[in-house]
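# Examining the three-dimensional arrangement
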Amino acid sequence: MDRQLLEPSRMDGTLTSRYDSAGRPVALLPARCKLGRHTLGHAEFRAVVHGGEAHISCLACATDSADHSWRLAATAPVPDRAELSEERYFELVRHRAQRASAAAGGHGA
């Protein structure tokens with residue numbers, strides 16, 4: 001059995017938020033899956049916050065054995081509302097996709 005499948009992935013970053021026009025906090029979730037394959041606005045995903053961590057899973061990627069869940073530290077109280085953000089997590093998505101490609105034997109640009 002692959003030990004990597006048994007161990008949780010490392011923390012990917014910190015959950016960020018913004019304030020709406022009424023001054024209410026809004027959590028910002030990655031708009032792309034951790035592997036960079038899917039836009040989460042068009043694919044099914046699950047977001048759960050528990051124990052100071054936000055886990056955002058792309059359900060399309062969950063069917064293979066890849067590490068498909070974002071793990072983001074929730075360092076402040078988590079807002080009641082959330083939205084997807086392409087900009088906030090762009091670098092994390094780009095680096096994850098490059099590492100996944102390299103691990104699969106792909107060639108980077």
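About the cut-offs
Residues numbered from 1 in each chain as written. Predicted model: local features only at pLDDT ≥ 70, side-chain atom pairs only at ≥ 80, totals over all residues. Heavy atoms only, no water. Helix = DSSP H or I, 4+ residues; strand = E, 2+ residues; numbered from the N terminus. Buried < 20%, exposed > 50% of the residue type's maximum accessible area, 1.4 Å probe, protein only. Contact = heavy atoms within 4.5 Å. Areas by Shrake-Rupley, 256 points an atom, 1.4 Å probe, with all protein chains shown as cover. Pairing = 2+ DSSP bridges. Axes fitted to C-alpha atoms, helices over the stretch in contact; angles between N-to-C directions. Salt bridge = Lys/Arg side-chain N within 4 Å of Asp/Glu carboxyl O.

## Concerning the overall build of the protein
For the protein, the count of helices and strands is two helices and seven strands. If you list the helices and strands of the protein from N to C, you get α-β-β-β-β-β-β-β-α. Taking all 109 residues of the protein together, 29% fall into the buried category. Counting contacts in the protein only where the partners sit at least 6 residues apart, residues at least 24 apart contribute 57% of the total. Accessible area of the protein: about 7,100 Å², with a carbon and sulfur share of 52%.

## Structural notes on the sheet that holds strand 7 (residues 81-85)
Pairing is mixed in the open sheet, where three strands are placed in the order 2-3-7. The two strands at the open ends of the sheet, each matched to only one other strand, are strand 2 (16-19) and strand 7. Adjacent strand axes in the sheet meet at a mean angle of 40°, parallel and antiparallel pairs treated alike. Of the strand pairs in this sheet, strand 3 (residues 25-30) and strand 7 are connected by five bridges, and their pairing is parallel. Among the inter-strand pairings, V26 is bridged to a residue of strand 7, identified as R81.

## Section: the pattern of salt bridges
Per the counting criterion, the structure on display carries six salt bridges. Notably, a salt bridge pairs K34 with D12, separated by 3.0 Å at the nearest N-O pair. Of this pair, K34 sits in the loop between strand 3 and strand 4 (45-50) while D12 is found in the loop between helix 1 (3-6) and strand 1 (13-14), placing the two residues 22 residues apart along the sequence. Pair check on accessibility: K34 and D12 agree, each one buried. Of the charged contacts in the structure, one is a salt bridge between R18 and E83, with a shortest N-O distance of 2.8 Å. Within this pair, whereas R18 is found in strand 2, its partner E83 is found in strand 7, the two being separated by 65 residues in sequence. The exposure class of R18 is partly exposed, given its relative accessible area of 30%.

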